[in-house]
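Residue-level listing of the chains:
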Amino acid sequence: MLAGAKSKLPLFIFLTPILLWLFLLIVLPHLDLLRMSFRIENDYGDMIWSVNNYLEFFREPIYWLTFARTALYAIIVTFLTLCISLPVAFYITKVAPPRFKGFLSLLLLMPFWVSELVRVYGWMILLRESGVINHFLLKWGILRQPVEMLYNDVAMTMGLVYTSMLFMVVPLLSVLDNLDDSLIEAAFDLGSTTPTIVWKIIIPHAMPGIASGSIVVFMLTLGNYLTPNLMGGKNSLWFTEQIYNQFIASFNWNQGSAFGFLLLIISSLIIFAGLKLTNQKLSKVVQ
Amino acid sequence: MNKQALSLMVAGGFILGLASGVNAETLELLTWKGYAPKSLVEKFEKETGITVKTTFSNNEEMIAKLRATRGAGFDLAQPSQDRISSVQEKFNIYQPIDYAKIDATLIVPSMLEAVKKNTMVDGKSYGVPHVYGTSGLIVNKKTAADANDYTALLDPKYEGRVSYRLKRPTLIAMAFAEGKDPFALYNDAEAYQALMESIGQNLIDAKGLVKTYWTNGDALLQSMRSGEVNVAMAWDNGGWKLNAENPDIDFVAPKSGALGWIDTFAIPAKAKNVDAAYKWINFMMVPENAAVFTNAEKYGTASAGAIEFYDDSVKANFQRSFSQADVDNIKWYPPVPAKLEAIEGKILDKVKAAQ
Amino acid sequence: MHVDLSVKNVSKHFKSFTAVDDVSFEVEKGKFFSILGPSGCGKTTLLRMIAGFEEPSAGSIYIGAQDMAEIPPNKRPVNLIFQHLALFPMMNVADNIGFGLARRKESKAEIRKKVADILERVNLPGFGPKKIHQLSGGQKQRVAIARSLVLDPTALLLDEPLGALDLKLREQMKIELKKLQVEVGTTFVYITHDQSEALVMSDHVAVMNEGKFEQIDSPQNLYSRPASPFVARFVGNNNCLAGTCVGYGDGLAQLQFSSGEKIGARTDRHFTTGVKAELFIRPESIIIEPEKELPELNRMQVAVSSILFDGANSQLLVTSPALADEMLISLPQNRQYEHIAAGDRIEIGWDVKAGNCFEVQ
């Protein structure tokens, strides 16, 4: 008993600063934001308790429509990212010669050595009306007039997919690495065509990786601010931008906090629904 | 046990050391991009031995940052003069300026008086004028020769070649262009909201013409330079910078009046190094130093006598873009009352969200 | 006679390495055919070529009467049982077994019926809804076989499926597998490195070494009449006695050891005097303390170096100045030889017609 207590003491000493750190920097500010989200200013300029900040979200169509738009695009981006990442991850784990695997993984990682801002500006240089792609299309006579490829939803979606890809590929690499090649061969041997192998063997096997990758990509996309703002152009109001505007432009921190918590709650619900639909357990997915 | 006590002491000492390491004199400056040119920072550091740390921001973020810390973390901030009094009243994030510590001879008296008046809360003033300038149009004369007022931004002629910020100056400029005076409605929130909503609707109706809503000044200049944008609402200095590269592009003072702003020095409530802040203010107002800034950034300053040190091109810029009538027509921002920002914010969100 | 599988002059080269070198064989309908060889001999490559996962570099493979060139595995009328079975862990037993049927777009009712039938057949009735991880090793084995058999393949290919099982279960499964094969009458092509599996189950066994077939024969012939020293060494236990041929006649070579002792050695080959030769003699062919009057016996005086007790498989380890290596002799546990102890000198003997003698290449 004594020995047990003694051996735990250093652990506590070690953990205390970390727990304190977590509490002070993560839990406490959130509690403060939560409190703030339930406060409003009444007509006399006094702060009172109210759920009005939350009701405002449902009352005012631009808020919930923006959220719906943001969530819809996040789902589309997640799906597209998955469609691109699965073949990529499959190629790296199963097709590429073993000595290239590390190199290919590194290649995927490379864009993440620079900040998101730089990556987005890179895309903007390529896509803008006076950009690199237009320059070559004009030079080769494919286009007569330069075309604006930036500032639309397609460009924004592409930018978001590009930004998210790594976070989908990495969990897929680890699940596909665990997939026994002979399962694929067995399915082939039993008369499967390639699409049925993908659908019946690879995707069910990769499901935990798909789910965890999708959660990360979905959350990252939903919470992204830079890419929709810079690449999306004039129609691309993103929900995070609305939170930012509440805090920064309108000085309405109470409304902003309420939006923040709504984002947290609704996105959690979407993920929960997604897990239910695909029959996955959260505890398994986060492993 | 002894060993543990020793290691705890070592750890404690380390933390104390970290805290005291910050003690070397520094000035934490929260300002706009370009407001602290490198050459001046180096000169200041050499003269005073104070290290200057700059953080670049804009009006809204400056207020948000200081509000979050209740006025701590920075020794000197540079908000626009119209954004001080209401913020100070509500959040109490600045401390009154001790004008005895400012060398008033360095500052244009009329500007100093105006800023003192506009930043006054409960009989105390919170700002010292630094930089002034205007917002108006940057126009490519070759492709948009007759763009001479904000209404050009709503003109189908320039479809796809128009850009502006989705910020309050745009709403105010559009109101002036319609012949209204939004400043006169500052104290009538309901009338102001009605006016702004109609302006917002105009912006939504003309949304199809917009290339993009710019957020970053350098990115806008790049769009103008490459010919992607021909008419934009922006700050005068941007137009003048482009004019030096391409004489076709220039700043135009709009017919209904350029919007005049003055950025100030204001000292956050919990500033640590107030002395350094005053030193910086007086340093920046020395005519030679103010001229270094103006020659680089093309903005005017409140420094009296700096004009002697201006480059000829800087003087020429002003004369080219502003006739005497234009100067008289500049609409100087009065202090913004509280609540207007929330009204404007929602309208701007609507414009951005509109399809 | 109906041939289900016919392999003609098939080779497979990987860059500079030849895995399978000009192999030909035929398997008759309903037979259990094994390919036996050490690991790395090319047997798996050969099987994968039959299943369609590898293309032969040369030669052709016929299943039934059909040339399999260019036909992918999912179109071939054969099924492969993988070494680790490759059951689909994401499906239950019934879905695993019904997988191939569903690919053939058979109706749900049909699939359910066939799955129930085959589960009955492999003695796993009612196992349909079970998860794969709930099954024991032997049950998994049977599910894997059922999954292929339900498709009624022309031939079932098995890639060392018993390798992962423990010894006891392996012994049991050997018998079960043989019984099942007889029952369903499907042609089995089985590869293994375990000679006991091959001998117990097969109608015919091919011994493979370094990409080539050394011998194709019945298990009995393989054991008693090996066609090469490799087969003699690889199949069953064998003692190898090296000497020089000093005479030949009528299927009998005279071997002389370095010690000068001479013995008679049975052979199917023609020998010339003076060549180096090896005689392979089985431990159970050797008689301990043979009676004096027994004719045509090679006799030898040896020293017992140790007794290896292993129940029914007990053996004596003996040495003799005539021999380079120690010899193994079966020691029947019938109390007759209880008096023998390590260090004893005893006489042994074997029939001159036991054993097989090969020229050393």
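This is a predicted model, so every value here is computed, not measured.

A.B. asks: Which parts of the structure should I look at to understand the sheet that holds strand β6 (residues 78-81) of chain C?
C.D. replies: Adjacent strands of a sheet form backbone hydrogen bonds with each other and so pair up, either parallel or antiparallel. Residues and elements named next belong to chain C. On the basis of which strands lie adjacent, the open sheet formed by six strands has the order β6-β7-β8-β3-β9-β10 and mixed pairing. The strands lining the two open edges of the sheet, one partner per strand, are β6 and β10 (212-217). Ignoring strand direction, the axes of neighbouring strands in this sheet form an average angle of 20°. As paired elements, strand β3 (residues 32-36) and strand β8 (residues 187-192) share five bridges and run parallel to each other.

A.B. asks: Please explain the interface of chain A and chain C as it appears in this structure.
C.D. replies: How big an interface is tends to be stated in terms of the accessible area lost upon association of its parts. Between chain A and chain C, the contact holds 16 residues from the first and 22 residues from the second. Both faces combined, the contact of chain A with chain C buries some 1,700 Å², and carbon together with sulfur accounts for 67% of it. When the buried area of chain A at its contact with chain C is split by residue, A:E185, A:D189 and A:L190 rank highest and sum to 41% of it. At the junction of chain A and chain C, the tally comes to one salt bridge. Ionic pairing is found between A:E185 and C:R48, a salt bridge with its closest N-O pair at 2.5 Å. Seen at the junction of chain A and chain C, the total is five residue pairs in polar contact (both at pLDDT 80 or more). For the side of chain A that touches chain C, the secondary-structure elements that each account for two or more residues are α8 (181-189) and α9 (194-222) of chain A.

A.B. asks: I tried to follow α8(A) on my own but got confused; where do I start?
C.D. replies: An α-helical segment advances 3.6 residues per turn. Residues three or four places apart therefore align on the same side. Within α8(A), seven of the nine residues are buried, leaving the element largely enclosed by the surrounding structure. All of the buried residues along α8(A) are A:S182, A:L183, A:I184, A:E185, A:A186, A:A187 and A:D189. Buried positions along α8(A) lie against α3 (61-95) and α9 of chain A together with α1 (43-51), β6, α2 (93-103) and α4 (137-149) of chain C.

A.B. asks: Help me out: how do you make sense of the domain arrangement of chain C in this one?
C.D. replies: Residues and elements named next belong to chain C. Domain parsing of chain C yields domain 1 (3-231) and domain 2 (237-359). The interface of domain 1 with domain 2 comprises eight residues on the first partner and nine residues on the second. Regarding the contact of domain 1 and domain 2, the summed buried area is about 740 Å², with carbon and sulfur atoms giving 42% of it. The tally of links from domain 1 across to domain 2 stands at zero salt bridges. Here domain 1 and domain 2 share four residue pairs in polar contact (both at pLDDT 80 or more) between them. Of the residues forming the side of domain 1 that touches domain 2, the biggest block, three residues, is contributed by helix α7 (residues 219-224). For the side of domain 1 that touches domain 2, the per-class residue count stands at five nonpolar, two polar and one charged.

Parameters at a glance
Residues numbered from 1 in each chain as written. Chains lettered and ligands numbered in written order. Predicted model: local features only at pLDDT ≥ 70, side-chain atom pairs only at ≥ 80, totals over all residues. Heavy atoms only, no water. Pairing = 2+ DSSP bridges. Helix = DSSP H or I, 4+ residues; strand = E, 2+ residues; numbered from the N terminus. Axes fitted to C-alpha atoms, helices over the stretch in contact; angles between N-to-C directions. Contact = heavy atoms within 4.5 Å. Buried area = accessible area lost by both parts, 1.4 Å probe. Salt bridge = Lys/Arg side-chain N within 4 Å of Asp/Glu carboxyl O. Polar contact = N/O pair within 3.5 Å; in protein donor to acceptor, adjacent residues only side chain to side chain. Buried < 20%, exposed > 50% of the residue type's maximum accessible area, 1.4 Å probe, protein only. Domains from an automatic or database assignment. Nonpolar A, V, L, I, M, F, W, Y, C, P; charged D, E, K, R; others polar.

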